[in-house]
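In case you want the letters, here they are:
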Amino acid sequence: MLKALLEAFKNLFKPIRTIDYPARDITLPQGYRGLIEYDKEACIFCDKCEKVCPPGAIVFYQHPEGEKEYRYNPWVCIYCGECVRACPKPDEALWHSETKQSAAFKEDGVNTEWFEWEAACKASREAYKAAKASAKIQNKSEE
Ligand code: SF4
Ligand code: SF4
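Not measured: the values here are computed from a predicted model.

For helix α4 (residues 110-142), built from 33 residues, the straight-helix expectation of 48 Å at 1.5 Å per residue is met to within 8% by its first-to-last C-alpha distance of 48 Å. Regarding α4, the residues found buried are Trp114, Trp117, Cys121 and Ser124. Along its buried surface, α4 packs onto β2 (58-62) and β3 (68-72).

Taken together, 14 residues form the shell around ligand 1, and within it Cys53, Cys77, Cys80, Gly81 and Cys83 come nearest. For the shell around ligand 1, the per-class residue count stands at twelve nonpolar, one polar and one charged.

Another aspect to go through is the pairing of β2. Where burial is concerned, most of β2 is hidden: four out of the five residues are buried. Bridging between β2 and β3 involves five bridges; their strand directions are antiparallel. Within β3, the residue paired with phenylalanine 60 across the bridge is tyrosine 70. Taking the residues that link successive antiparallel strands as the turn, the β2-β3 hairpin has five residues, and the phi of glycine 66 there is positive, at about 115 degrees.

Looking now at unusual backbone geometry. Outside of glycine, negative phi angles account for most residues, and trans bonds account for most peptide bonds. At phenylalanine 45, a residue that is not glycine, the phi angle is positive and equals roughly 55 degrees. Within the fold, phenylalanine 45 resides in the loop between β1 (36-38) and α2 (48-52). With a relative accessible area of 25%, phenylalanine 45 lands in the partly exposed category. Positive phi outside glycine occurs at aspartate 91, with the angle close to 70 degrees. Note that aspartate 91 resides in the loop between α3 (82-86) and β4 (94-96).

Let us look at the pattern of salt bridges. Tallied over the full model, the rule gives eight salt bridges. Among the salt bridges present, the one from glutamate 67 reaches lysine 40, with a minimum N-O distance of 2.6 Å. You can see glutamate 67 sitting in the loop between β2 and β3 and its partner lysine 40 sitting in the loop between β1 and α2, a full 27 residues away along the chain. Taking relative accessible area as the criterion, glutamate 67 reaches 42% and is therefore assigned partly exposed. With its nearest N and O atoms 3.8 Å apart, the salt bridge here joins aspartate 47 to arginine 125. Here aspartate 47, found in the loop between β1 and α2, pairs with arginine 125, found in helix α4; they are 78 residues apart in sequence, far enough to count as distant. You can call arginine 125 partly exposed: its relative accessible area is 27%. One salt-bridge network, in which partners are shared between bridges, spans Asp47, Glu50, Lys68 and Arg125.

Thresholds applied
- In this convention, every chain numbers its residues from 1, walking through the sequence in written order.
- Labels are handed out in written order, letters beginning with A for the chains and numbers beginning with 1 for the ligands.
- A pLDDT threshold of at least 70 governs which residues receive local features in this predicted model, and a stricter bar of 80 or more applies before side-chain atom pairs are shown or counted, although totals over entire chains, interfaces and linings include all residues.
- Computation of side-chain values covers all heavy atoms of the structure but excludes hydrogens and water.
- We count a stretch as a helix when DSSP gives it H or I for four or more residues in a row; a strand needs E for two or more, and each element gets its number in order from the N terminus.
- What a helix is expected to span follows from its residue count: subtract one and scale by 1.5 Å.
- Think of it in three bands: with a 1.4 Å probe and only protein chains considered, a residue is buried below 20% of the maximum accessible area for its type, exposed above 50%, and partly exposed in between.
- A contact between two residues is defined here by any heavy atoms of the two lying within 4.5 Å.
- Throughout, near means a residue has at least one heavy atom within 4 Å of the molecule or strand.
- Gly falls in the polar group here, along with every residue not listed as nonpolar (Ala, Val, Leu, Ile, Met, Phe, Trp, Tyr, Cys, Pro) or charged (Asp, Glu, Lys, Arg).
- Here the rule is simple: two strands pair whenever DSSP picks up at least two bridges between them.
- Salt bridges are identified by distance alone: a Lys or Arg side-chain nitrogen within 4 Å of an Asp or Glu carboxyl oxygen.

As structure tokens, this is what we get:
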């Protein structure tokens, strides 16, 4: 007990090793992987980024007309860079910015919205697949 108190007292006079982020800004190290940026104009919608993402931070919504809509969750992202590595158009369609992730607080409710979005994306794909399959059957029966 006395040893622990002594250690705690000694630590009071040692330099602080932690940074009060995000209250204080930090200098980014070289090669820092920040938030993922996306450009729809350059994207070829191959879905590779979505498939390789370990935590599922990128999902595409499938519109019935065929168009896909990108969505990214920075609070789910682990900044591994796999999506950028897998992208056939790195630095054009997908890249790491130097923008830092902002701190998420419980009251933000960020993931509640995300889970709803994920479920909607899954449902949109299933509906799209089913519509395509049924159109195929109809075309065959008309032949
Ligand atoms: S950096 Fe990693 S976790 Fe983040 S979106 Fe890309 S693949 Fe997913
Ligand atoms: S991997 Fe790149 S090109 Fe393919 S869907 Fe993702 S952002 Fe678009």
